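In case you want the letters, here they are:
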Amino acid sequence: MAGGTYRPHATDRAVSFALVDGVTMTGAIRPEAQRHHSRGHIRRCCPVTSAGDDQPGFVNNDENSHHVVTAHDVGPGTVLDGFTVTGGNADVRGVANTGGGLHLIDASPVISNSIVEFNSVEYRGGGVFARHPHQRSRMVIIADNAAGDGGGGGILSEWSSTKVSKTIVRNNSATFAAGIASFSSADSIINSEIVDNTARNFAGGVLAKADADPDPDATVIDGSLAVVNSIIADNDADIGGGLLNDGASVTVTNSLVTGNTASDNVGGIGTDSWSADADGSTRIIGSVVADNTATSAGGIWNAAIPVEVVNSIVSGNTPTTGLVDTTGTTSVSYSIVQDWEGGGDGNVDADPLFVGGGDYRLQADSPAWNVGDNGSVPPDEFDVDDDGDTTEPTPDRDLRPGIQGSSVDMGAYEISEATNDRDDDGVDDDVDNCPDVANADQTDADGDGIGDACDVPVVTPRSRAVPEGDSGSSTFDVLVELSYASAERVSVDWATVDQPGEPQANLDFLSDSGTLEFAPGETSKTIPFTVYGDLLDEDTLWGAEWAVITLSAPTNAKLASGADATAACAHRRRRPGADDQARSGCGDRRRRGRHGRRGAGHPVGAVGADDHRGMDHDGHGTARTRHRLHARIRNLDVPAGGDGQVCAGHRSR
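Just so we're clear, the structure is a prediction, and the values are computed from it rather than from any experiment.

Regarding the overall build of the protein
In terms of regular secondary structure, the protein is built from 1 helix and 48 strands. Pairs at least 24 apart in sequence give 72% of the contacts found in the protein among residues at least 6 apart.

This is the structure in structure tokens:
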């Protein structure tokens, strides 16, 4: 769909945009093409909205549609990609009070590359409400939505199977479960961030609940939640600032639960069984529960169901007792748990020595290094590093190998075991494509052997066409662009140069040179290029003459791969009978000889010396001067593209 704002209806609140089974709706937001995706760096585009004159705090939204987008009885081939979904107001109890942004019933759509924000409901699922059977969210921001006393300010999944991947759920609010509510569902949170959400009662970040009275029509009623390589941070509630488990089966793997706050009890992770007949557990594997705050039980609190802590670090929470167990069903092994006195194999009583400043990686001399239990590292079931291998040990939070050295480290990050690895990313400097900046994935988008993490922008010249004219001179700008804005000042030298057999400097074009300078943040500059008009017949089947602008000596940037110059061509009047296919110098720039064969020994975009000089190929090799050719070209037709076009573009070497 084209960029713009789309509204379901001007007056009828019951109208929404309904997804159609098997149909992909594509907007213009493409976060996967951006250099960064963290805490919401997605451009806003193409809103589907019911908002008109709404004010902050969901004021003046009484006329808004109950649901902006609905998906009922649609399959997994249904996709919503690249939209902002905003302004839904489901405020009618018993009629329309769930799913202000997205309302999904018996649906399995994929929601990707989108933003769901500023939607509100009277009951459940402010941003997204999903019931039966499952939905997938990938690279989505769900922010600033609100729910009432049914919970799930950002997302509520009920008797469903919802996979949240590479998604940010932030700054949502609700009576409880402000970020994500998982009710009797088999849900997963993968490579995602649940941050800055606020619950008026309990579960600021995430609530997993096993319902004692499941829906008889539901296909998923077990109540399970997997949190893998994710962050639950800086959420707030009265009880359970980070994550609460009400009788479900919850696993937290290679994740951070940090900086959450509860005004009463349970700052980090709490477990209980308020729901009758629920029989669940909580496993915390290779994770960090740190710097959470509550009146009591700042780190982990267990009041009812079995809890296992392995290969993990519980540290720096307030109060200082890292784990409060009121049931005797908690086991701790191969972990650092502050003030823990309950025993267990392989535990270490020491400061874990985090890097600090909110960085929960380990210092090189950390006592948590190389002392974990390899047998407790789960396989990469959810393929968090997208490499197709689901049998390997789950990679760490940096997506590096999950076990380095003889044993896994405690916590969510592995210390590199490379013997020569100054950036500590697990890749030896001898083969690291960015040895001074950590980049375990070694991504190299342009294939130049330099990792994207420490690469510099690419300088690229662009095409341009202008009239040359029959006399005088014409000056036009050759555009030069950076592939992205740099924080550093970028410069590149340029010069117009002669080429054998090409137009001559100060005869056909102005000889010139200079330096382009890009200030931080700038991405485009221009080079002035002056062409002299004439009535000379260059006598080429191409009908074009070419001049070269070279780029060199870039600073804080690099030249486009395989090209370091632009070529400029002047379309001239063609001779009668000239090969139509050969006459466009701005299209296929491969030089063809006089009998249609590709010439050899000429740079791409060049014409041969004999063509440029206007030699008469009559079998006798007589060289005619330019001045004798004036009369021949005055009344001839012009090639497609117009009279006297001049263009500039890449010239590959």
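Considering the confidence of the model for the protein
Overall, the prediction assigns the protein a mean pLDDT of 78, with 72% of residues at 70 or greater. Within the model, the stretch residues 30-45 combines pLDDT values under 50 with 49 contacts to residues more than four positions away or in other chains. This stretch, residues 539-544, has a pLDDT under 50; its non-local contacts, to residues over four places away or in other chains, come to 31 contacts.

Side note on the packing of aromatic side chains
One pass over the full model with this rule turns up 4 aromatic pairs. A ring pair is formed by Phe 354 and Tyr 360, whose centres lie 5.2 Å apart and whose planes are at 85°; its orientation type is edge-to-face. The residues Phe 354 and Tyr 360 share a single accessibility class, namely buried. With a centroid separation of 5.4 Å and an interplanar angle of 75°, the aromatic rings of Phe 476 and Phe 529 are classed as edge-to-face. With a gap of 53 residues between them, Phe 476 in strand E41 (residues 473-482) and Phe 529 in strand E44 (residues 524-532) connect regions that are remote in the sequence. Relative accessible area serves as the criterion here: at 3%, Phe 476 is assigned to the buried category. On the accessibility criterion, Phe 529 (2% relative accessible area) is buried. Three or more aromatic residues joined by ring pairs make a cluster, and in this case those are Phe 176, Phe 183 and Phe 202. One Lys or Arg, Lys 209, reaches over the ring of Phe 183 and ends 5.9 Å from the middle of that ring.

Comments concerning the sheet that holds strand E15 (residues 173-176)
Strand order in this open sheet of 4 strands is E15-E19-E23-E27, and the pairing throughout is parallel. Two strands bound the open sheet, and with one partner strand each, they are E15 and strand E27 (261-265). In this sheet, neighbouring strand axes are inclined to one another by 5° on average, regardless of whether the strands run parallel or antiparallel. Note that strand E23 (residues 236-239) and E27 share 3 bridges and pair parallel. Paired with Asp 236 across the bridge in E27 is Thr 261.

Some thoughts on the nonpolar core
Ranked by internal contacts, the top residues of the largest apolar core, which has 44 residues, are Leu 80, Leu 102, Val 206, Leu 243, Ile 300 and Val 309. Going through the elements one at a time, strand E4 (69-72), strand E8 (102-107), strand E9 (110-117), strand E11 (128-143), strand E20 (206-209), strand E21 (224-228), strand E25 (249-253) and strand E32 (307-310) are the ones with two or more residues in this core. A total of 4 residues in this core trace back to one element, the largest contributor, which is E11. Grouped together as the second largest cluster of nonpolar side chains are 17 residues, Val 480, Trp 494, Phe 529 and Ala 557 included.

Brief notes about the environment of Glu 392
With respect to the helices and strands, Glu 392 occurs in the loop between strand E38 (359-362) and strand E39 (458-461). Residues Glu 392 and Asp 380 lie 12 residues apart in sequence; the distance between their C-alpha atoms is 5.7 Å. When sequence neighbours within four positions are dropped, the list of residues in contact with Glu 392 reads Pro 378, Pro 379, Asp 380, Asp 385 and Asp 387.

Some remarks on the pairing of E23
Sheet topology places strand E19 (residues 198-202) next to E23; 2 bridges connect them, and they run parallel. Following the sheet pairing, Thr 198 is matched in E23 by Asp 236.

As for the pattern of salt bridges
According to the stated counting rule, one finds 14 salt bridges in the structure shown. Across the pair Asp 386 and Lys 166 runs a salt bridge whose closest N-O atoms are separated by 2.9 Å. Residue Asp 386 is found in the loop between E38 and E39, and its partner Lys 166 is found in the loop between strand E13 (161-165) and strand E14 (168-170); the two are separated by 220 residues along the sequence. As a salt-bridge pair, Lys 558 and Asp 455 come within 2.6 Å of each other at their nearest N and O atoms. Placement of Lys 558 in strand E46 (residues 558-559) and of Asp 455 in the loop between E38 and E39 is noted, with a sequence separation of 103 residues between them. Under the relative-accessibility criterion, Asp 455 is labelled buried at 13%. Linked through salt bridges whose partners overlap, the residues forming this network are Arg 93, Glu 122 and Asp 149.

Some details on empty space enclosed by the protein
In total, this model carries 6 cavities of 30 Å³ or more according to the counting rule given. Considered as a void within the structure, the largest cavity measures approximately 90 Å³ in volume. Around the largest cavity, the lining comprises 15 residues; the ones closest to its centre are Asn 254, Gly 286, Gly 402, Val 408 and Gly 411. When the residues that make up the lining of the largest cavity are grouped by side-chain class, the tally is 6 nonpolar, 6 polar and 3 charged.

Some details on unusual backbone geometry
The linkage connecting Thr 318 with the following residue, Pro 319, adopts the cis geometry, with an omega of 0°. Relative to the assigned elements, Pro 319 resides in the loop between strand E33 (313-315) and strand E34 (323-325). If you check the backbone angles, Leu 353 has positive phi at about 60° while not being a glycine. With respect to the helices and strands, the residue Leu 353 is situated in the loop between strand E36 (336-337) and strand E37 (354-356). Even without being a glycine, Asn 370 presents a positive backbone phi close to 65°. Considering the arrangement of structural elements, one finds Asn 370 in the loop between E38 and E39.

A few points about the environment of Ile 300
With respect to the helices and strands, Ile 300 occurs in strand E31 (residues 300-302). Counting along the chain gives 22 residues from Ile 300 to Gly 322, while the straight-line C-alpha distance between them is 6.2 Å. Excluding residues within four positions of it along the chain, Ile 300 makes contact with Ile 269, Ile 284, Val 289, Val 309, Val 314, Gly 322, Leu 323 and Val 324.

Section: the side chain of Asp 432
Topologically, Asp 432 is positioned in the loop between E38 and E39. At 2.9 Å, the side chain of Asp 432 forms a polar contact with the backbone nitrogen of Cys 434. Within the structure, Asp 432 has its side chain in polar contact with the side chain of Gln 442 (distance 2.9 Å). Excluding anything up to four places from it in sequence, Asp 432 contacts Asp 421, Asp 423, Asp 425, Val 427, Asn 439 and Gln 442.

Remarks on the sheet that holds E39
With mixed pairing, the 4 strands of this open sheet are ordered in space as E44-E41-E39-E46. Looking at which strands have only one partner, the edges of the open sheet turn out to be E44 and E46. Pairing between E41 and E44: 9 bridges, direction antiparallel. If you follow Thr 475 over to E44, its bridge partner there is Thr 530.

Reading guide: rules and limits
Residues numbered from 1 in each chain as written. Predicted model: local features only at pLDDT ≥ 70, side-chain atom pairs only at ≥ 80, totals over all residues. Heavy atoms only, no water. Helix = DSSP H or I, 4+ residues; strand = E, 2+ residues; numbered from the N terminus. Contact = heavy atoms within 4.5 Å. pLDDT = per-residue confidence, 0-100. Phe/Tyr/Trp six-rings, centres within 6.5 Å; stacked < 30°, edge-to-face > 60°. Buried < 20%, exposed > 50% of the residue type's maximum accessible area, 1.4 Å probe, protein only. Lys NZ or Arg CZ within 6 Å of the ring centre and 35° of its normal. Pairing = 2+ DSSP bridges. Axes fitted to C-alpha atoms, helices over the stretch in contact; angles between N-to-C directions. Core = buried A, V, L, I, M, F, W, Y, C linked by side-chain atoms within 4.5 Å. Salt bridge = Lys/Arg side-chain N within 4 Å of Asp/Glu carboxyl O. 1 Å grid on protein atoms, 1.4 Å probe; cavity = no way out; pocket = protein on both sides within 12 Å on 5 of 7 lines; lining within 4 Å. Points joined across faces, edges and corners; volume = space filled by probe spheres on them. Nonpolar A, V, L, I, M, F, W, Y, C, P; charged D, E, K, R; others polar. Polar contact = N/O pair within 3.5 Å; in protein donor to acceptor, adjacent residues only side chain to side chain.

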